[in-house]
Amino acid sequence: MDNTEFTVQKRRGIVVWVYSLKQLKTLKRYGLIHYVSRKMKYVVIYVNEEALEESEEKLQALHFVRQVERSYRPDVEMNFADRIGTKAAYQVKEEEELDVVEANTKIRLAETV
């Protein structure tokens, strides 16, 4: 048996705004097509992180591409568990004071009000 290891490659989404969706097959060679919006004429493509800059330049050079946008989701910190209900959630600077009050709201039914 072959003991090959599976390694997860870092990927990033690219939103490609196009003039026409006729050339959709051409976009397949640049990465994995995740979503196609026929109404708004854009395509979401996943590309390996190493080939991101090169793919963006090649996509922008195509005649049917209007605009290329990079997904910023990998750059955003997604761990919100430590920040919920604290002052860190509001990113308060030292000059500005913001009072955070944790409220214990009681839910009442409309019939009893």
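Residues numbered from 1 in each chain as written. Predicted model: local features only at pLDDT ≥ 70, side-chain atom pairs only at ≥ 80, totals over all residues. Heavy atoms only, no water.

Enquirer: What is the right way to read unusual backbone geometry from this model?
Expert: As a rule of thumb, non-glycine residues mostly have phi less than zero, and peptide bonds are mostly trans rather than cis. For Lys41, which is not glycine, the phi dihedral falls at a positive 60°. For Lys41, the location among the structural elements is in the loop between β2 (32-37) and β3 (42-48). A relative accessible area of 35% means that Lys41 is categorised as partly exposed. (Helix = DSSP H or I, 4+ residues; strand = E, 2+ residues; numbered from the N terminus. Buried < 20%, exposed > 50% of the residue type's maximum accessible area, 1.4 Å probe, protein only.)

Enquirer: Would you take a moment to explain the sheet that holds strand β1 (residues 11-18) for this structure?
Expert: As a general point, the strands of a sheet are linked pairwise by backbone hydrogen bonds and lie either parallel or antiparallel. Taken in spatial order, the 4 strands of this open sheet run β2-β3-β1-β4, and their pairing is antiparallel. Edge positions in the sheet fall to β2 and β4 (65-70), since each has one partner strand and no second. The average undirected angle you get between the axes of adjacent strands in this sheet is 25°. Relative to β3, β2 runs antiparallel, the two being bridged by 5 bridges. Its bridge partner lying in β3, Val36 is registered against Val43. Helix α2 (residues 52-61) rests against β1, β3 and β4 of the sheet, and its axis sits at about 160° to β4. (Pairing = 2+ DSSP bridges. Axes fitted to C-alpha atoms, helices over the stretch in contact; angles between N-to-C directions. Contact = heavy atoms within 4.5 Å.)

Enquirer: Hey, could you run me through the side chain of Arg12 in this one?
Expert: As for its position among the elements, Arg12 is in strand β1. Take Arg12: its relative accessible area is 7%, and that puts it in the buried class. One polar contact links the side chain of Arg12 to the main-chain carbonyl oxygen of Ser71, over a distance of 3.0 Å. (Polar contact = N/O pair within 3.5 Å; in protein donor to acceptor, adjacent residues only side chain to side chain.)

Enquirer: Explanation requested: the pairing of β3 in the structure shown.
Expert: Every other side chain in a regular strand lies on the same face of the sheet, so the side chains alternate between the two faces. Here β3 lies mainly inside the structure; 5 of its 7 residues are buried. Sheet analysis places β1 next to β3, joined by 7 bridges and oriented antiparallel. Its bridge partner being in β3, Trp17 is matched across the sheet by Tyr42. Hairpin connection from β2 to β3: 4 residues lie between these consecutive antiparallel strands, with Lys41 at a positive phi of about 60°.

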